[in-house]
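Secondary and tertiary structure notes
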Amino acid sequence: MNLAVPLITLLVLSSSAAAQDLILWHSYRGAEAQTLEALARRVHPAVKVVAIPADKLSDKVSNAIAIDDAPDVIISAHEKIVEWRHGLAPVTFGDEPDLGVAIDAVSRDGVHYGHPFAVKSVALLHRAGRRPATLNALARPANGFPLGFDLREFYFVAPFALSLTPLVQEESLVLTPAMPAFAWLRQASRDHFIPRGMNHAQLMADFEAGRIEALITGPWALGELSARTLASVEVSALPPVDLAPGQTITPRPFLTVDAIFVTKRAPESAHHLARSLASRAFAKERVTLAQQIPPFADSIVERPLLLAFAEQARSAIPMPSGRAMSAAWLPLQHLVEGVVNTNEDLATLIAATEAEHRAFLVPVASRGGTLVVVLGFAGVAGLVLSALRSAKRATARRRQQHQPLAGLIAPATVFGVLFVLVPLLVGLLLCFFDFSEEGSGAYSAMGFRFVGLGNFVSILSGTRFWWTLFVTVLWTVTNLLLSVGLGVAIALLLASPSLPLRGWFRVLLVLPWAVPNYISALAFRGLFDVERGAVNHVLLWLGAAPVDWYARFFTSFCTNLITNVWLGFPFMMVVTLGALQTIPQEQREAMLLDGATAWQRFVHLTVPSIAPVMAPAVLLSTAWTFNMFNVVYLVSGGSPRGETDILVSEAYRWAFERGHRYGLAAAYCVLIAVILSLFMAWMKRSKESV
Amino acid sequence: MINHTSTGLRSLLAMTAASLFTCLVLLPIAWVVQRAFVEHGEWSLQSYERLFAAGFSRAMLLSFAVAIVATIVGVTFAAGAAFAMARYQFVGRRQGLAFLLFSQLFPGVLTSVPLFFILDALGLLGSLVGVVLVYSSVSVPFSVWMLLGYFEQLPKELDEAARLDGATPWQSFTRVHLPLIRPGLAVTALYAFMNAWNEYVLAATFLAKPDRFTAPIVLRQLVGSFSTDWGAFAAGSILVSLPVMAVFFLLQKQLVAGLTAGSVKG
């Protein structure tokens, strides 16, 4: 093969990034990104403006700050300043923003850590001239819903809770005062006042089509409306809502302030760039081109829609920053799922949510530290001894050594050691430590604290692990049964000489295997959507009731299962087709002459012949399925309330979604490895005993 | 006569079953195609225009370069190691084999954080070279394990004959053994390529500059937290799937023969 072309492409592309003196990271898309880039270029032509996927921005910045390699300027939501503070430079405002809440959001202890750039909060988007006195008074369109917002995201539910509770107080969640709001939401979704399970895009489409009277949404929605609709809508601050007779509240949404941060090492030119981008002079352009709301009242006076959003921002509540909030999203999402999709008692749900949040934050107790140290020393001593022994044997056998072998093994060894063995060992060490980003006291400067076997004790003593283990085993077994069964059946069908166009079927049926699995997973997620998914459309067409697939464990588990069987059966089919070719033709003919039925031939000839050939593929597929992160994470996403998560997605959540608990994540990974190796050993033994 | 009718009936039945099942299997793919080419109820290529405006063509090219180089490097190295392990006894062979299996037991989550710091120490963070190095090494254990099966299937007499002809291990590797396991190489390479081509988490963690983003990163960028461009995403999905499909079609025969041949040893 010709190596030159890709290599040259790589070299050219890596060297093309000549020294750029300023780097700016953000996570805007579309018009907002284009406007930002144009403005930044105008201030500083040699700036490198980098759009990072929204879900990766904060992790990347945290990592970059940890290794002292941060970009000069970062535009991000304000909540991160507590975590990033030690990497950020204090700033002085150029033009002082008018919006007090925006200044508060970027300041700590009287120091400003960023320039408020754009404020974002939700408000009510409704038909012109039809602002309701209360949300309850919204009219119901024919075959539609009075009010729409994404009921699966706590961000949109928050306005109802935030006027009743501060949400986060001293590191814990306070939800009980908001119980009337949750009760109202449950009733509103039961009454089809608010649609369930519709995402932003579907809500927008229904609003355009007149099937939803009003939406709770943010300024980003304006850019997506057609010009015709845009001319006939208004935005208002959220009107009051009657939760119960005699109990009326005015919803208060979260306020997020996109801020421009300058990092510590950045040159003065970075401060100049940040001040200019945040300036009053650029505000008008950003309003017109990007529908952004700068923190200057006069910049949006001519834009009534944005003005209304800005008005709402004044009474909005700045999103709390810090790890108590960042660990709260998952439990809160589980709470909303429980409120909307189940009949469980609200007080129980709230207690469970508060407990889940506490569990995410509680430091791991140190356990069995001495044992780990002693075992560690013993292990190292054992390794040294065995190395010495094999070195001795090696000297004895030196004459038989093939010197040229070194050239064959060395490259793989070097790569393997550097990028597989070392990360693995470091990862394994992590399972004896507890990590905390805001760690202080017992935590080292990098945030680590030795806890011995504490992580394992904490995991194994909770019920969560055992449930997840059960789900993982159920997941692996059902997947294997279905994909092997289906694979063998289809292979037998395709192998039968009476089927015309066999080649074509084979090519078409291999397709699911060829599509990257993250793409199939996202497509299936959409297919099973409750309101707009193709599967429910078919069910409706057949006269059946639509199913809220992600609301209950069984149906949610089935969506994962169907997706994975779809992905996995072609592999089994291909393996079976290959295995079928190994069946001796003479034996088949002999059985046919003996008058054996098709079933007899299958049981007595086909199965025994293909089983040994397929066994390794089945074993391999077991390990893959056991750790099939993409499907579980992207299709059901753990719904309902994390119940369909498997061990590996649980490990991922500990590492990246629950306050970076790397130690617990590593311990989960070790447990996964132990379970898999026990399974392999068991398979080997049962194979030998047969 | 009777026999003839039953064959016809049977082939009709088989045909119906196969067609129905195939349609069912292809439905999700049809849905993606529809999202990519239909906008506001009519055929359009606007999704593709938005996709390319987001820098997708360069991302595809980069992904391709990264995946090809990673595959070639990884499989070449793996082939050398697998050959040595299958045909010779040497110090560390047993430990090496054990480590290959051992490393496959752990999920990738465990190594992603340490890898970040290793790449940083090597000064390769944010560079495509770093990503290529990681991709090629991550695929090595699996590739060695697969190729081991193919090498072990070759008869021992082959080595003897090569040795008598005065071939060094290197010569017998390149001239005798490698050509004989070509189907195995193809299958292994396909796996290594697919892994690199589809990888998102590591790439998104290591790469920071948009002119180095690979295709999966750009695709994920289209799926925003508040708004998602499903049309452009579907359009990109089709483009990303095409190369893998093409390789699948080209390698159909080797894939089937290869997988079973490689798996016989267990």
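Residues numbered from 1 in each chain as written. Chains lettered and ligands numbered in written order. Predicted model: local features only at pLDDT ≥ 70, side-chain atom pairs only at ≥ 80, totals over all residues. Heavy atoms only, no water.

Thoughts on helix 6 (residues 128–153) of chain B
All names here are of chain B. With 26 residues, helix 6 should cover 38 Å at 1.5 Å per step; its first-to-last C-alpha distance of 37 Å lies within 8% of that length. Roughly 40° is the biggest bend found in helix 6, and it falls at Val-140, with proline Pro-141 one to four residues downstream. Counting buried residues along helix 6, 20 of its 26 residues qualify, which places the element largely inside the surrounding structure. (Helix = DSSP H or I, 4+ residues; strand = E, 2+ residues; numbered from the N terminus. Expected span 1.5 Å × (residues − 1). Bend = angle between axes of the 7 residues up to and from the residue. Buried < 20%, exposed > 50% of the residue type's maximum accessible area, 1.4 Å probe, protein only.)

Brief notes about the environment of Val157(A)
Residue and element names in this part refer to chain A. Examined against the element boundaries, Val-157 turns out to sit in helix 6 (residues 154–162). Under the relative-accessibility criterion, Val-157 is labelled buried at 1%. Sequence separation between Val-157 and Gln-187 is 30 residues; the distance between their C-alpha atoms is 14 Å. Ignoring anything within four residues of it in the chain, the contact list for Val-157 reads Phe-149, Leu-151, Phe-182, Leu-185 and Val-336. (Contact = heavy atoms within 4.5 Å.)

Digging into the interface of chain A and chain B
Across the contact, 105 residues belong to chain A and 106 residues belong to chain B. Counting the surface lost from both chain A and chain B, the interface buries some 9700 Å², and carbon and sulfur atoms represent 80% of this. Put simply, chain A and chain B have zero salt bridges between them. On the surface where chain A and chain B come into contact, there are two residue pairs in polar contact (both at pLDDT 80 or more). If one sorts the elements of the side of chain A that touches chain B by residue count, helix 17 (residues 405–430) of chain A sits on top with 16 residues. Across the side of chain A that touches chain B, the residue classes tally to 82 nonpolar, 14 polar and nine charged. (Buried area = accessible area lost by both parts, 1.4 Å probe. Salt bridge = Lys/Arg side-chain N within 4 Å of Asp/Glu carboxyl O. Polar contact = N/O pair within 3.5 Å; in protein donor to acceptor, adjacent residues only side chain to side chain. Nonpolar A, V, L, I, M, F, W, Y, C, P; charged D, E, K, R; others polar.)

Overview of the pattern of salt bridges
Residues and elements named next belong to chain A. Under the definition given, this model contains 19 salt bridges over all chains. In this structure, Asp-258 engages Lys-120 in a salt bridge whose closest nitrogen and oxygen atoms are separated by 3.4 Å. Taken together, the residues Asp-258 in strand 15 (residues 254–262) and Lys-120 in strand 6 (residues 115–120) connect sequence positions 138 residues apart. Of the charged contacts, one joins Asp-150 and Arg-152 as a salt bridge, the two residues approaching to 3.3 Å between their closest N and O atoms. Its relative accessible area of 25% is what places Arg-152 among the partly exposed residues. Overlapping salt bridges bring together Glu-32, Lys-120 and Asp-258 as one network.

Details of the pairing of strand 11 (residues 212–217) of chain A
All names here are of chain A. In terms of burial, strand 11 is a largely internal element, six of the six residues being buried. As paired elements, strand 7 (residues 123–127) and strand 11 share four bridges and run antiparallel to each other. In the sheet register, Leu-125 faces strand 11, and the bridge partner there is Leu-215. (Pairing = 2+ DSSP bridges.)

Structural notes on the nonpolar core
Of all hydrophobic cores here, the largest spans 307 residues; its most connected members are Phe149(A), Leu167(A), Phe182(A) and Leu277(A). Of all the elements, helix 3 (residues 56–87) of chain B adds the most residues to this core, at 18 residues. In contact with Leu167(A), not counting residues within four places along its chain, are Phe154(A), Leu162(A), Ser172(A), Leu173(A), Val174(A), Leu175(A), Phe254(A), Met325(A) and Leu332(A). (Core = buried A, V, L, I, M, F, W, Y, C linked by side-chain atoms within 4.5 Å.)

Observations concerning the packing of helix 14 (residues 329–341) of chain A against helix 15 (residues 346–361) of chain A
Packed helix pairs are characterised by how far apart their axes lie and by the angle those axes make with each other. Residue and element names in this part refer to chain A. Look at helix 14 against helix 15: their axes get within 9 Å of each other, and the N-to-C directions meet at 165°. In terms of their interaxial angle, helix 14 and helix 15 are classed as roughly antiparallel. For the element pair helix 14 and helix 15, the recorded crossing hand is right-handed. On helix 15, the residues touching Leu-330, Pro-331, Leu-332, His-334, Leu-335, Gly-338 and Val-339 of helix 14 are Leu-346, Leu-349, Ile-350, Thr-353, Glu-356, His-357 and Phe-360. Here the residues of the contact of helix 14 with helix 15 sort into nine nonpolar, four polar and one charged. (Axes fitted to C-alpha atoms, helices over the stretch in contact; angles between N-to-C directions. Parallel < 35°, antiparallel > 145°, perpendicular 65-115°, else oblique. Left-handed = near helix turned anticlockwise from the far one by under 90°.)

Focus on the confidence of the model for chain A
When pLDDT is averaged along chain A, the result is 85; 93% of the residues meet or exceed 70. Ranking the elements of chain A by mean pLDDT puts helix 1 (residues 4–15) of chain A last, at 46, and strand 7 of chain A first, at 95. (pLDDT = per-residue confidence, 0-100.)

Some thoughts on the environment of Thr468(A)
All names here are of chain A. On the secondary structure map, Thr-468 appears in helix 19 (residues 463–495). Judged by relative accessible area, which is 0%, Thr-468 ranks as buried. Along the primary structure Thr-468 and Val-648 are separated by 180 residues, whereas in three dimensions their C-alpha atoms are 9.5 Å apart. Once residues lying within four places of it in the same chain are set aside, the contact partners of Thr-468 are Asp-645, Ile-646, Leu-647 and Glu-650.

What about the environment of Thr582(A)?
Residue and element names in this part refer to chain A. Structurally, Thr-582 is set in the loop between helix 23 (553–580) and helix 24 (585–593). In this structure the C-alpha to C-alpha distance between Thr-582 and Val-613, which are 31 residues apart in sequence, comes to 8.7 Å. Among residues more than four places away in sequence, those in contact with Thr-582 are Ser-609 and Val-613.

Description of unusual backbone geometry
A cis geometry characterises the amide bond from Ser639(A) onward to Pro640(A), with omega recorded as -10°. Following the sequence through the fold, Pro640(A) ends up in the loop between helix 26 (629–636) and helix 27 (647–656).

Considering the packing of aromatic side chains
A ring pair, where both rings are aromatic, is described by two values, the distance of the centres and the angle of the planes. All names here are of chain A. Evaluation of the coordinates by the stated rule reveals 49 aromatic pairs over all chains. Between the aromatic rings of Phe-360 and Trp-654, the centroid separation amounts to 5.4 Å while the plane-to-plane angle is 75°, which identifies the pairing as edge-to-face. Taken together, the positions of Phe-360 in helix 15 and Trp-654 in helix 27 put the pair 294 residues apart, joining distant regions of the chain. Judged by its relative accessible area of 9%, Trp-654 is buried. These aromatic residues form a ring-pair network of at least three members: Phe-154, Tyr-155, Phe-156, Phe-254 and Trp-329. Taking NZ or CZ as reference, Arg-127 lies 4.0 Å from the ring centre of Phe-207, over its face. The ring of Phe-117 has Arg-286 lying over it, and the distance from NZ or CZ to the ring centre is 3.8 Å. (Phe/Tyr/Trp six-rings, centres within 6.5 Å; stacked < 30°, edge-to-face > 60°. Lys NZ or Arg CZ within 6 Å of the ring centre and 35° of its normal.)

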